[in-house]
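# Overview (structure and organization)
Given next are the chains, with one letter for each unit.
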Amino acid sequence: MNTVTCIAPVNIAVIKYWGKRDETLILPANDSISATLDTDQLCAKTTVMISPHFKEDCMWLNGNKEDIRSPRLQNCLAEIRKRAARSDLSRQWKIHICSENNFPTAAGLASSAAGYACLVVALAKLYEVEGDISSIARIGSGSACRSVLGGFVRWHMGSEPNGIDSIAKQIVPASYWPEMRILILVVNDLKKKVSSAIGMRRSMKTSELLKHRVKHIVPEMTNKMQEAIIKRDFKTFAELTMKDSNQMHAVVLDTYPPCTYMNDISHAVVDLIHSYNNAVNDTKVAYTYDAGPNTTLYLLENNVPEIMGILDYFFPPLQDNLVEYRKGLPIEVIKPSQDLLSKINVQKHAPGCFKYTIYTRVGDGPKYLLDSKDHLLDNQGWPIKRV
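One structure accompanies this document, and this report is about it. (Residues numbered from 1 in each chain as written. Predicted model: local features only at pLDDT ≥ 70, side-chain atom pairs only at ≥ 80, totals over all residues. Heavy atoms only, no water.)

### Some thoughts on helix α8 (residues 304-314)
Heads up, the condition is: Partly exposed residues are those whose accessible area sits between 20% and 50% of the maximum for their type, while under 20% is buried and over 50% is exposed, using a 1.4 Å probe and protein chains only. Helix and strand labels come from DSSP, where a helix needs a run of H or I of at least four residues and a strand needs a run of E of at least two; each type is numbered from the N terminus.
With 9 of its 11 residues buried, α8 lies for the most part within the structure. What α8 keeps buried is the set Val304, Pro305, Ile307, Met308, Gly309, Ile310, Leu311, Asp312 and Phe314.

### Digging into helix α4 (residues 196-206)
Inclusion rule: Directions are taken from the helix axis to each C-beta atom, and the arc is the one they span. For this analysis, residues touch if any pair of their heavy atoms sits within 4.5 Å.
All buried positions along α4 are accounted for by Gly199, Met200 and Ser203. Here the buried residues of α4 occupy an arc of 100° about the axis, which is enough to place them on one side. The inward-facing, buried residues of α4 contact β3 (20-22), α5 (208-231) and α6 (234-254).

### Observations concerning the sheet that holds strand β17 (residues 367-368)
Note the following rule: At least two bridges found by DSSP between two strands are what make those strands a pair.
Strand order in the open sheet made by the 6 strands is β8-β7-β9-β6-β1-β17, with mixed pairing throughout. One side of each edge strand has no neighbouring strand; the edge strands of this open sheet are β8 (64-66) and β17. Note: strand β7 (residues 58-61) against β8, 3 bridges, orientation antiparallel. Across the sheet, the residue bridging to Trp60 is Lys65, located in β8.

### What to know about the environment of Lys367
The criterion, for reference: We define a polar contact as two N or O atoms separated by no more than 3.5 Å, with the added condition that, inside protein, one atom must be a possible hydrogen donor and the other a possible acceptor, whereas residues neighbouring each other in sequence contribute only through side-chain atom pairs.
Tracing the backbone shows Lys367 in strand β17. A C-alpha to C-alpha distance of 13 Å links Lys367 and Val10, two positions 357 residues apart in sequence. Ignoring sequence-local partners within four residues, the contact set of Lys367 consists of Cys6, Ile7, Thr39 and Asp40. Side chain to side chain, Lys367 and Thr39 meet in a polar contact 3.3 Å long.

### What about the side chain of Asp57?
Mapping Asp57 onto the fold places it in the loop between β6 (43-51) and β7. Look at Asp57 and you get buried, because its relative accessible area is 17%. Looking at Asp57, its side chain comes within polar contact range of the main-chain nitrogen of Ile95, at 2.8 Å. Setting aside residues no more than four positions away along its own chain, Asp57 makes contact with Ile68, Arg81, Lys94 and Ile95.

### Let's talk about unusual backbone geometry
Put simply, Tyr256 and Pro257 share a cis peptide bond, and its omega is -10°. Here Pro257 shows up in the loop between α6 and α7 (264-279). The residue Asn62 is not glycine, and still its phi comes out positive at about 50°. Relative to the helices and strands, Asn62 resides in the loop between β7 and β8. Even without a glycine there, the phi angle at Arg232 is positive, about 55°. Locating Arg232 in the fold gives a position in the loop between α5 and α6.

### Some words on the pairing of strand β2 (residues 11-15)
Here β2 lies mainly inside the structure; 5 of its 5 residues are buried. Note that β2 and strand β5 (residues 32-36) share 4 bridges and pair antiparallel. Within β5, the residue paired with Ala13 across the bridge is Ser34.

### Things to note about the packing of helix α1 (residues 71-83) against helix α2 (residues 111-126)
As a reminder, the rule being used: Helix axes are fitted only over the stretch in contact, all axes being lines through C-alpha atoms; the angle between N-to-C directions runs from 0 to 180 degrees. Throughout, the term roughly parallel applies to angles under 35 degrees, roughly antiparallel to angles over 145, roughly perpendicular to angles from 65 to 115, and oblique to all others. For any helix crossing, the convention is left-handed if the near helix is rotated counterclockwise from the far helix by under a right angle, and right-handed if that rotation is clockwise. Any residue that is not Ala, Val, Leu, Ile, Met, Phe, Trp, Tyr, Cys, Pro, Asp, Glu, Lys or Arg is counted as polar, Gly included; the first ten are nonpolar and the last four charged.
At a minimum axis distance of 10 Å, the contact between α1 and α2 shows a crossing angle of 25°. Looking at the two axes, α1 sits roughly parallel to α2. Every pair of crossing elements has a handedness; the one defined by α1 and α2 is right-handed. Note on element contacts: α2 touches α1 through Tyr116, Leu119, Val120, Leu123 and Ala124, opposite Arg72, Leu73, Cys76, Leu77 and Ile80. Across the contact of α1 with α2, the residue classes break down as 9 nonpolar, no polar and 1 charged.

Pasting the structure below:
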């Protein structure tokens, strides 16, 4: 088999990874926990092909030829080839890689995590690599190690200098908490001004709050989060998720010069979520923000119709964009009652604050696509042009 195609998921952290103790090996300053999202709604897709006829290694991302000399990409390739079970000459053949995302790249939606997880999973099958591959995905993009597994996943920071114990392990599979749902509110899908890698480096050098966070706060918070997931305790899960997100963004503001990833709409959503939870006298929905302005909401399935109705009221969609506005799983929206609206003390915004929304659930992790029609490369190893 000289061609492999697979898809791999996005993961959204509920306990954040922010800061590396080793830049080269991408070893994190603390443990982190994430949920793997269903590949039916959000995924990276990658085809890898090796051939004795290829003159050089090549890569294409979302239709554009990329520089394959990227150190992180080369590190992944080197580690895969080093651990390859194949002993034939094909280990020396050149490789063509073609990858695409069905969501915006570099906009704070964990595109690099999905992309590198997909690449490593495909390469592992191509070169017949056995055993844990999360550590290989990690050297491509840190949080990619969490995307090689489904369900809720914990990335253990490890303590060994060579990073051998900095791996991801599944806490529970997706089927363990089937009611869990995720709503992504896309405020801005443009490439961010300060990349996560640069932001983390700057924070590690300058933020005293980050030093306190990784030493005194995250270890206990991570264990509490894992316990909440195992107990399916949504209230604790939600409160920890929001507190951890707030703290990560406090760290990036404590960084010098500061990094700003959230915008006015992001903060307005935070206000709405707290006001809604107060109005219903319960914690029914939690927000979290990665390094970008887009909101990820965690909530249980039976609360989705009402909360989507609340969002539609306070952040109405453009009426001529309703078909494209709701992506992912279908939602039967419930219009909020006047009594509920009167208890939510926030400003109603002009239509069009969100470009679109994505409704999804926790998913099972990477999948191989065995039908040749799913390949992104043709028989000669060149990208297939999509109509």
